[in-house]
Each structure stands twice: as structure tokens, then as C-alpha cells.
Amino acid sequence: MESFVDEIAIEVNAGHGGAGSVHFRREKYVEFGGPDGGDGGIGGNVILRPNLSMYTLDKYLSKRKFKAEAGFPGVGDNCSGKKGEDLTLFVPLGTQIYDEETGDLLFDFVSESQEFVVAKGGRGGKGNTHFKSSTNQTPRFAQPGEAGEYKFLRLSLKLLADVGIVGLPNAGKSTLISKITDAHPKIAGYAFTTLSPNLGVVKRRGDIFRFTVADIPGIIEGASMGIGLGLSFLRHIERVKGIVYLFDASSLDIEEDFKMLQNELSTYNPELLERPYLVVLNKIDVWDDPTFTEDLISKVKHLGTVLAISADRGTNLETLLEAMDETFFKAEIEKVLHPKESKSTQEEPAQDEPI
Ligand SMILES: Nc1nc2c(ncn2[C@@H]2O[C@H](COP(=O)(O)OP(=O)(O)OP(=O)(O)O)[C@@H](O)[C@H]2O)c(=O)[nH]1
Ligand SMILES: [Mg+2]
């Protein structure tokens, strides 16, 4: 099974610069002509890029040291050596790159088009052509290439999910994500089935608007003190735009559960409580009685926007997705559906254009 790795240290070394050449033109009757040693090539860079199909850093478990190709040495006839090839390493979107030695954040991959040259290749050495002077017509030396940059890096993944599903163990979080996204997490009737986050993509309005949802392990009271699976996985919902608090509707006290979850979240990061959220009661199929469900909803409606669903049967899931659109993404959907209207508010009034 693929293991979920969200933090790992690696070493990268850019390519060494190629050496400059010591070389002399061959001329008739002259043992050595003028110097014509070319420059060495630049060493290859180490480049980091996001890969949308990676959700974990586990591929770095097996190999942790990387080196780009060295530049080639210069040769005679003033020919420069070839540049060393760049080495590209892929990371999941949401990976932050730290310098392990200084602790500095070097880069944060938040969009798929980014790339980051993390270690620059060493400069090639100058060939002996450059060292000819009035006092030395036949320089018998050239510069060596410079070393490529070396970095000791810490890759730290914070999944870039748009929505996080938070709840007690067994609430049905994994069932829900399996129904509204393309993810296929493990689902079972015992606590702590999910041990690491699952990410899924919801496609809305055909393919025009899509967002990602993270299903995380269940949270119990004291999680912030390491009880249950702890809270370190909450880093993966730190950047969400909205939170779905999911409850087993047959829970004895939903309000108390809600407060406990909020309390644990705020212990980890108080900003999480400022995100928009929905309160969702799951498993209403258990009694299948609309009046009873309505009563339950009205009992907790002071907590926020409350919806009732059955993740397992698929009841009210479209309503839930619409509520997510409305509560978490309204502005973004406007931009996608009416790009002109949202733009024209900032533009000058339209004028007749010459044809
Ligand atoms: N009756 C009913 N059962 C459900 C519903 N949704 C989930 N379940 C069941 O509840 C149990 C727990 O579901 P999961 O989706 O694994 O719950 P979870 O919240 O991901 O649990 P953890 O990963 O342990 O935190 C499973 O037996 C599911 O089949 C539902 O709408 N109705
Ligand atoms: Mg689960």
C-alpha cells in the first residue's frame, strides 16, 4: 500500500561546471600555435515542479540524494563544453520547500504552473584563450569549473484542498467523499478507519468548476494532546476555503460534539474557526422519518447552516454541493460563469470600437 508521507528531508546537488580547456592551435612548423581552449559548460540545475497526480511525498522514501549532470569540459578550437542537463524533481501541489539548515521557507507550490530552481549549476571554467596576454602568449592553464549549489531541503506537504471534512470517527466522512468525488477511501464501521488524509476532486457544472475535498482522520476530545490519532493531519486542512463538520445524526449531543471539534481545531490553529462552514447531519436513513429529521435540524440550527443527508444512500448530496458552492465558492463561481460581467465592473464604459 502507498504510504502517506507528508514530511521528508532530501539533499540536492546541482551539476559541477565543466573545466576550461588548455589547448593550442596546431600550426605548421610551430609546435604550439596560439591558445584556443574553449570554456567549460555550466552544470545542470536542480528544478522542482508540481505534479497533480502526486498526493504524497512517499517516492522520496527510497531515494533522498539527487545530483544534476555536470557541465562538459571545453575543448580545442574555442569550443565550449555542453551544458549539464537539468534535473527535475516532482512534488505534490501544496508542498512547501524549506532550507533544512536555516529553517527558511524557500518556496510554496500553490499553482500547477510554478517551477523553482532550487540549486543552480556551477559556472564552467574559462579556457586558456582568455588568459593570453602580452607577457604570456601560451598560457598553460585554464580555470576549473565551479561547484554546483548544494541544498539540504525539507519538503513539507500541506495538501491544497478547498474543502475539509471534519468529524468524529465513524461519522461517515470517507463515505461522503467517496460519493461526491472520484476518491475511493477505505470505509468501515469502526473508529479510526482513516489513518491519513484522502483527497478527491468534485466536478461541478460539467467540467467548468472543480474543487478538491479532503477527508481526514476522525477527531476525538483531547486530540490536540495526542489522543486518538492526534492532530498533526490538520495541517492538510489549514488552507481550505471551507469546512464541513459532519456528524452521525444519531449522536446523543451534536452541539457538544460540534464544540469539541471546534475546540480541538482552534487549539491547533485558531484561524480554522474563521473559515466558512456547514453543519451536516449524516445517516438520516437510519430512521427515514422527515419530521424527526426536521426536529433534529431545528435543535441545532443556531450553530450555523445545517443540512441533513445520507451519504450512504446518496440523499441530499446535490443540495450539499449547492450549499458548498454558495457558502465557500460563490465569488469564484461567478468569475467562471460570468467572466465578462465580473471584469467589466472595473473597466471604463464601453465605447464604439473602430472596425
Ligand atoms: N446508515 C448509514 N451508515 C453510514 C452512512 N454513511 C456512512 N455510514 C457507515 O458508517 C460507518 C463509518 O463510515 P466511514 O465513512 O468509514 O466513517 P469515517 O467518518 O470516515 O470514520 P473514520 O475514518 O474512522 O474517522 C461505515 O460502516 C459506513 O458504512 C449513512 O449515510 N447511513
Ligand atoms: Mg474515514
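Residues numbered from 1 in each chain as written. Chains lettered and ligands numbered in written order. Predicted model: local features only at pLDDT ≥ 70, side-chain atom pairs only at ≥ 80, totals over all residues. Heavy atoms only, no water.

Participant: For this particular structure, what's the right way to read the packing of aromatic side chains?
Facilitator: In this description, an aromatic ring pair is defined by two values, namely the gap between the centres and the angle between the planes. Per the counting criterion, the structure on display carries 13 aromatic pairs. Following the ring pairs from residue to residue traces out a cluster consisting of Phe209, Phe211, Phe328 and Phe329. The positively charged end of Arg154 is found above the aromatic ring belonging to Tyr98, 4.7 Å away from the centroid. (Phe/Tyr/Trp six-rings, centres within 6.5 Å; stacked < 30°, edge-to-face > 60°. Lys NZ or Arg CZ within 6 Å of the ring centre and 35° of its normal.)

Participant: Mind showing me how you'd approach the coordination of the magnesium ion (ligand 2) here?
Facilitator: Think of it this way: four donors in a tetrahedron around the metal ideally sit 109.5 degrees apart, and six in an octahedron ideally sit 90 or 180 degrees apart. Within the protein, the magnesium ion (ligand 2) binds to Ser174 (OG) and Thr194 (OG1); these donor distances fall in the range 1.9 to 2.1 Å. With Ser174 in helix H1 (residues 173–180) and Thr194 in the loop between H1 and strand E10 (198–204), the pair connects residues that are 20 residues apart, well separated along the chain. Across the pair, Thr194 and Ser174 agree in class, each one buried. (Donors = N, O, S within 2.8 Å, 3.2 Å for Na, K, Ca; no water. Helix = DSSP H or I, 4+ residues; strand = E, 2+ residues; numbered from the N terminus. Buried < 20%, exposed > 50% of the residue type's maximum accessible area, 1.4 Å probe, protein only.)

Participant: So what exactly am I meant to see when it comes to the sheet that holds strand E5 (residues 95–99) here?
Facilitator: The strands that make up a sheet pair up through hydrogen bonds in the backbone, lying either parallel or antiparallel. Taken together, the five strands give an open sheet; going across it, the order is E3-E1-E8-E5-E6, and neighbouring strands pair in mixed fashion. Of all strands in the sheet, those bounded by a partner on one side alone are strand E3 (65–67) and strand E6 (105–108). In this sheet, adjacent strand axes meet at a mean angle of 25° when their direction is disregarded. Two strands pair when backbone bridges link them, and strand E1 (residues 7–13) and E3 are joined in this way by three bridges, in the parallel orientation. The residue bridging Glu11 from the neighbouring strand is Lys65, located in E3. (Pairing = 2+ DSSP bridges. Axes fitted to C-alpha atoms, helices over the stretch in contact; angles between N-to-C directions.)

Participant: What exactly am I supposed to notice about the confidence of the model for the protein chain here?
Facilitator: The predicted coordinates of low-pLDDT regions are not to be read in fine detail. Counting all residues, the mean pLDDT for the protein chain is 91, and 94% of those residues have values of 70 or more. Here residues 344–351 scores under 50 on pLDDT; set against residues more than four positions off or in separate chains, the count is zero contacts. (pLDDT = per-residue confidence, 0-100. Contact = heavy atoms within 4.5 Å.)

Participant: Explain a nonpolar patch on the surface here, please?
Facilitator: Where nonpolar side chains cluster on the molecular surface, the patch consists of Ile208, Val336 and Leu337 and spans about 230 Å² of accessible area. Relative to the helices and strands, Val336 is located in helix H5 (residues 330–337). Residue classification places Val336 among the partly exposed residues on the basis of a relative accessible area of 33%. (Patch = residues over 30% accessible without salt bridge, like charges linked within 9 Å, V, L, I, M, F, W, Y side chains within 5 Å. Areas by Shrake-Rupley, 256 points an atom, 1.4 Å probe, with all protein chains shown as cover. Salt bridge = Lys/Arg side-chain N within 4 Å of Asp/Glu carboxyl O.)

Participant: What am I meant to see in the pattern of salt bridges here?
Facilitator: Any two side chains of opposite charge can pair if their charged atoms end up close together. Per the counting criterion, the structure on display carries 16 salt bridges. The salt bridge partner of Arg154 is Glu100, with a shortest N-O separation of 3.0 Å. Pair noted here: Arg154 is in strand E8 (residues 150–157) and Glu100 is in the loop between E5 and E6, with a separation of 54 residues, a long-range link. In this structure, the salt-bridge partner of Lys241 is Asp162, at a minimum N-O distance of 3.0 Å. Of this pair, Lys241 sits in the loop between strand E11 (209–215) and strand E12 (242–248) while Asp162 is found in the loop between E8 and strand E9 (163–167), placing the two residues 79 residues apart along the sequence. With relative accessibility at 32%, the residue Lys241 sits in the partly exposed group. Several salt bridges share partner residues, and in doing so they unite Glu7, Glu100, Arg154 and Arg235 into one network.

Participant: How should I be thinking about the sheet that holds strand E2 (residues 46–50) in this particular structure?
Facilitator: Strands sit in the order E4-E2-E7 across an open sheet of three strands; the sheet is mixed. Edge positions in the sheet fall to strand E4 (87–91) and strand E7 (116–119), since each has one partner strand and no second. The average undirected angle you get between the axes of adjacent strands in this sheet is 35°. Note that E2 and E4 share five bridges and pair parallel. Each residue of the ladder has a partner; that of Leu48, found in E4, is Leu89.

Participant: Honestly, the nonpolar core in this entry has me stumped. Any pointers?
Facilitator: Soluble globular proteins tend to pack their nonpolar side chains together in the buried interior. Ile10, Val12, Tyr60, Leu155, Val166, Ile219 and Leu281 are the most contacted members of the largest nonpolar core, which has 55 residues in total. Of all the elements, helix H2 (residues 254–268) adds the most residues to this core, at five residues. A domain split of this core shows at least three residues from each of domain 1 (1–158) and domain 2 (163–337). What Tyr60 contacts, discounting residues up to four positions off in sequence, is Ile8, Ile10, Met54, Phe66, Leu89, Phe90, Val91 and Leu155. In terms of nonpolar packing, the next biggest core, distinct from the first, is built from 26 residues, Val163, Ala171, Ile180 and Leu320 among them. (Core = buried A, V, L, I, M, F, W, Y, C linked by side-chain atoms within 4.5 Å. Domains from an automatic or database assignment.)

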